[in-house]
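# Structure at a glance
Residue strings, one per chain:
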Amino acid sequence: MNVDAAIAAVAAIAGCCTGVIAMLAFRWSERDQAKPTRTSLHTDAVLPPGVDTVLSVLRSSAVVLDEADGVVKASSAAYALGLVRGGKLAVDPMLQMARDTRRDGEIRQVELDLPRRGTGRGDALAVSARVAPLGSRLVLLLVEDLTEARRIEAVRRDFVANVSHELKTPVGALSLLSEAVMDASDDPEAVSRFAGRMQSEATRLTSLVQELIDLSRVQNDNPLEDAEPVRVDELVEEAMDRCRQQASSKSITMAVGGTADLHVWGNRSQLAGALGNLVENAVNYSPARTRVGIAGRRVPAAGGAMIEIAVTDQGIGISEKDRDRIFERFYRVDPARSRATGGTGLGLAIVKHVAASHGGEVTVWSSEGQGSTFTLRLPEAGAVRDRDARREDPATDPDDLDGEDGPYDTFSGPAVTHHHTSPEALRAPYPAPEVLP
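This section reports on the structure supplied with the text. All figures in this text were calculated on a predicted structure; none of them were measured in a lab. (Residues numbered from 1 in each chain as written. Predicted model: local features only at pLDDT ≥ 70, side-chain atom pairs only at ≥ 80, totals over all residues. Heavy atoms only, no water.)

Scanning the protein chain for helices and strands turns up 13 helices and 15 strands. Per-residue burial for the protein chain yields a buried fraction of 37% across its 437 residues. Relative to all contacts within the protein chain whose residues are 6 or more apart in sequence, the contacts with residues 24 or more apart total 66%. For the protein chain, the exposed surface amounts to about 24,700 Å²; the carbon and sulfur share of it is 54%. (Helix = DSSP H or I, 4+ residues; strand = E, 2+ residues; numbered from the N terminus. Buried < 20%, exposed > 50% of the residue type's maximum accessible area, 1.4 Å probe, protein only. Contact = heavy atoms within 4.5 Å. Areas by Shrake-Rupley, 256 points an atom, 1.4 Å probe, with all protein chains shown as cover.)

Spatially, the 5 strands line up as an open sheet ordered E2-E1-E7-E6-E5, and their pairing is antiparallel. Where the open sheet ends on each side, the last strands, each with one partner, are strand E2 (71-74) and strand E5 (108-115). The sheet shows a mean angle of 25° between the axes of neighbouring strands, taken without regard to direction. Here strand E1 (residues 61-65) pairs with strand E7 (residues 138-145) via 5 bridges, running antiparallel. Bridging across to E7, Ala-62 finds its partner in Leu-142. The strands touched by helix H5 (residues 147-183) within the sheet are E5, strand E6 (124-134) and E7, with E6 carrying the most contacts at an inclination of about 130°. (Pairing = 2+ DSSP bridges. Axes fitted to C-alpha atoms, helices over the stretch in contact; angles between N-to-C directions.)

Moving on: the pairing of strand E13 (residues 361-367). Each regular strand carries side chains that alternate between the two faces of the sheet. In terms of burial, E13 is largely enclosed, as 5 of its 7 residues are buried. Examined bridge by bridge, E13 and strand E14 (residues 371-379) share 7 bridges and lie antiparallel to one another. Looking across to E14, one finds that Thr-363 is bridged to Thr-375.

An ideal rise of 1.5 Å per residue puts 54 Å on 37 residues; H5 measures up with 54 Å between its terminal C-alpha atoms. The set of residues buried in H5 consists of Thr-147, Val-163, Glu-166, Pro-170, Ala-173 and Leu-177. (Expected span 1.5 Å × (residues − 1).)

Attention now goes to helix H4 (residues 92-104). Given 3.6 residues per helical turn, the α-helix brings residues three or four places apart onto the same face. With 13 residues, H4 extends 19 Å from end C-alpha to end C-alpha; this agrees with the ideal 18 Å at 1.5 Å per step. Within H4, the full set of buried residues consists of Met-94, Leu-95, Met-97, Ala-98, Asp-100 and Thr-101. At its buried positions, H4 is contacted by E1, strand E4 (88-89), E5, E6 and E7.

Following the sequence through the fold, His-358 ends up in the loop between helix H11 (347-357) and E13. Given a relative accessible area of 3%, His-358 falls into the buried group. In terms of polar contacts, His-358 uses its side chain to reach the backbone amide nitrogen of Asn-267, at 3.0 Å. A polar atom in the side chain of His-358 sits 2.8 Å from the backbone oxygen of Val-354. (Polar contact = N/O pair within 3.5 Å; in protein donor to acceptor, adjacent residues only side chain to side chain.)

Before going further, it helps to examine the nonpolar core. Residues Met-254, Val-264, Leu-275, Val-279 and Phe-374 are the most contacted members of the largest nonpolar core, which totals 46 residues. Top element by residues in this core is helix H8 (residues 268-284). It accounts for 8 residues. In terms of nonpolar packing, the next biggest core, distinct from the first, is built from 23 residues, Leu-89, Met-97, Leu-112 and Leu-125 among them. (Core = buried A, V, L, I, M, F, W, Y, C linked by side-chain atoms within 4.5 Å.)

Moving on, we get to the environment of Ile-309. Within the secondary structure, Ile-309 sits in strand E12 (residues 306-312). For Ile-309, a relative accessible area of 1% gives the class buried. Apart from the residues within four sequence positions on either side, Ile-309 is in contact with Val-232, Leu-275, Ile-294, Ala-295, Gly-296, Phe-374, Thr-375 and Leu-376.

Within E14, 9 of the 9 residues are buried, which leaves it mostly tucked inside the rest of the structure. Neither face of E14 is exposed, since Gly-371, Thr-373, Thr-375, Arg-377 and Pro-379 on one face and Ser-372, Phe-374, Leu-376 and Leu-378 on the opposite face are all buried. Across 7 bridges, the pairing between E12 and E14 is antiparallel. By the bridge assignment for E14, Glu-308 is matched with Arg-377. Counting the residues in the hairpin turn of E13 and E14 gives 3 residues, including Gly-369, whose phi is positive at 85°.

The next subject is unusual backbone geometry. Residue Asp-69 is not a glycine yet carries a positive backbone phi of 65°. Within the element layout of this structure, Asp-69 appears in the loop between E1 and E2. Classification of Asp-69 as buried rests on a relative accessible area of 11%. Backbone geometry places Arg-289, a non-glycine residue, at a positive phi of 60°. Here Arg-289 falls in the exposed class, since its relative accessible area comes to 68%.

Moving on: the pattern of salt bridges. Counted according to the given criterion, the structure contains 20 salt bridges. Across the salt bridge formed by Arg-297 and Glu-308, the nearest N and O atoms sit 3.3 Å from each other. Placement of the pair is Arg-297 in strand E11 (residues 291-299) and Glu-308 in strand E12, with a sequence separation of 11 residues. This pair shows no difference in class: Arg-297 is buried, exactly as Glu-308 is. Among the ionic contacts, a cluster of salt bridges with common partners joins Arg-231, Asp-233, Glu-234, Glu-238 and Arg-268. (Salt bridge = Lys/Arg side-chain N within 4 Å of Asp/Glu carboxyl O.)

Right, let's get into the packing of aromatic side chains. This structure, assessed with the given rule, holds 1 aromatic pair. When the centroid spacing of 6.3 Å and the interplanar angle of 80° are considered together, the rings of Phe-327 and Phe-374 count as edge-to-face. Pair noted here: Phe-327 is in the loop between helix H9 (320-323) and helix H10 (335-341) and Phe-374 is in strand E14, with a separation of 47 residues, a long-range link. Each member of the pair, Phe-327 together with Phe-374, is buried. One Lys or Arg, Arg-193, reaches over the ring of Phe-194 and ends 5.1 Å from the middle of that ring. (Phe/Tyr/Trp six-rings, centres within 6.5 Å; stacked < 30°, edge-to-face > 60°. Lys NZ or Arg CZ within 6 Å of the ring centre and 35° of its normal.)

It is worth spelling out the packing of helix H7 (residues 232-249) against H8 at this point. Put simply, H7 and H8 touch, their axes get as near as 8 Å, and they point 35° apart. Seen from above, H7 lies across H8 with right-handed handedness. Listed contacts from H8 to Glu-234, Leu-235, Val-236, Glu-238, Ala-239, Arg-242, Cys-243, Gln-246 and Ala-247 of H7 are Arg-268, Leu-271, Ala-272, Gly-273, Leu-275, Gly-276, Asn-277, Val-279, Glu-280, Val-283 and Asn-284. Grouping the constituent residues of the contact of H7 with H8 by class yields 10 nonpolar, 5 polar and 5 charged. (Left-handed = near helix turned anticlockwise from the far one by under 90°. Nonpolar A, V, L, I, M, F, W, Y, C, P; charged D, E, K, R; others polar.)

So, in structure tokens, the structure goes:
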């Protein structure tokens with residue numbers, strides 16, 4: 001009996017010790033969990049309720065800072081802009097704003113230019129930063145990227161300035177010429193001369209206003225809403241009729257080839273205007289007794305065939321530094337010559353917008369003293385209509401565009417890069433042009 005009692009006592013003592021040890025371990029674990037860790041300082045738990053949800057739906061880049069200027073919360077956009085690096089706010093002016101706001105509780109806002117992260121370009125990001133207190137310990141920083149808005153505003157400002165300048169020139173000339181007519185009222189020859197000048201300036205003003213209207217229309221309208229198959233030879237005929245008189249006065253020969261049986265898909269009036277601008281430029285910038293060629297062909301492309309219409313002249317050519325800018329609005333390679341020919345600097349910008357809105361492009365090859373070739377590349381009407389039919393029939397050859405064996409079914413790759421070659425090499429793949437009066 002004494003042995004049994006001793007065993008029971010030992011077991012009771014062991015059980016009590018185990019309970020005490022377990023209780024101490026539990027208390028110790030709770031105390032460790034209650035301690036603030038380095039990780040817990042930067043979690044969402046320290047944010048006021050609902051703040052995390054609000055920050056996640058904001059379009060602006062958001063950063064929340066604690067008392068030690070550590071980043072408690074930062075959106076992915078803030079990291080993309082390079083605002084946060086290594087758990088710290090990397091922009092010193094914003095960091096100073098946050099400290100000032102934490103000290104006095106005032107809301108602050110400033111616009112800054114930040115260098116682009118990871119690029120060697122000289123342009124900067126334009127941002128608007130706003131700092132406000134968030135509770136008693138935190139500071140909220142909201143940053144909005146204004147770069148695109150600034151760019152659009154600059155384009156709009158330049159456009160308005162250019163339009164004002166271009167309108168002011170003919171209007172001022174008309175005003176001076178009208179005064180000259182009044183002063184020379186007793187001289188019929190002078191009146192006739194000044195009246196001719198006034199008519200020329202009025203025509204130039206009318207052309208400028210019309211091209212401004214055309215540019216606004218092609219930028220705002222969706223031409224494919226009224227799209228239809230358009231014959232390329234009809235577009236070429238309209239383009240030549242537009243400048244036949246100028247070509248005749250300069251003894252310029254116009255030659256056409258390869259446009260028969262070609263159809264493009266789009267708005268007829270916009271396509272005719274774009275091609276007309278290219279042909280008119282070729283005639284205006286070509287010397288007398290030279291030749292302007294207009295050629296068309298079908299080329300295979302991913303998603304359907306494309307139609308290329310190339311306009312080649314033997315004019316003064318375009319230098320390499322001007323080649324990338326000629327499609328800008330109001331940009332002129334030679335302002336003096338453009339004014340002499342009545343150019344407004346909007347024609348190629350209209351061509352670029354028309355081509356892009358029709359799912360195509362316009363490219364240029366040029367060499368000073370050798371001439372230029374502008375190529376308008378547009379989707380073929382048949383390719384647009386037949387695309388679904390070819391996809392439904394696996395046996396159809398995607399390169400067999402006309403259903404028959406022909407020269408375009410085996411057309412090789414170099415055709416689509418013709419604008420990088422010389423005018424002589426460019427004319428070779430096109431059918432022989434037909435010389436027209």
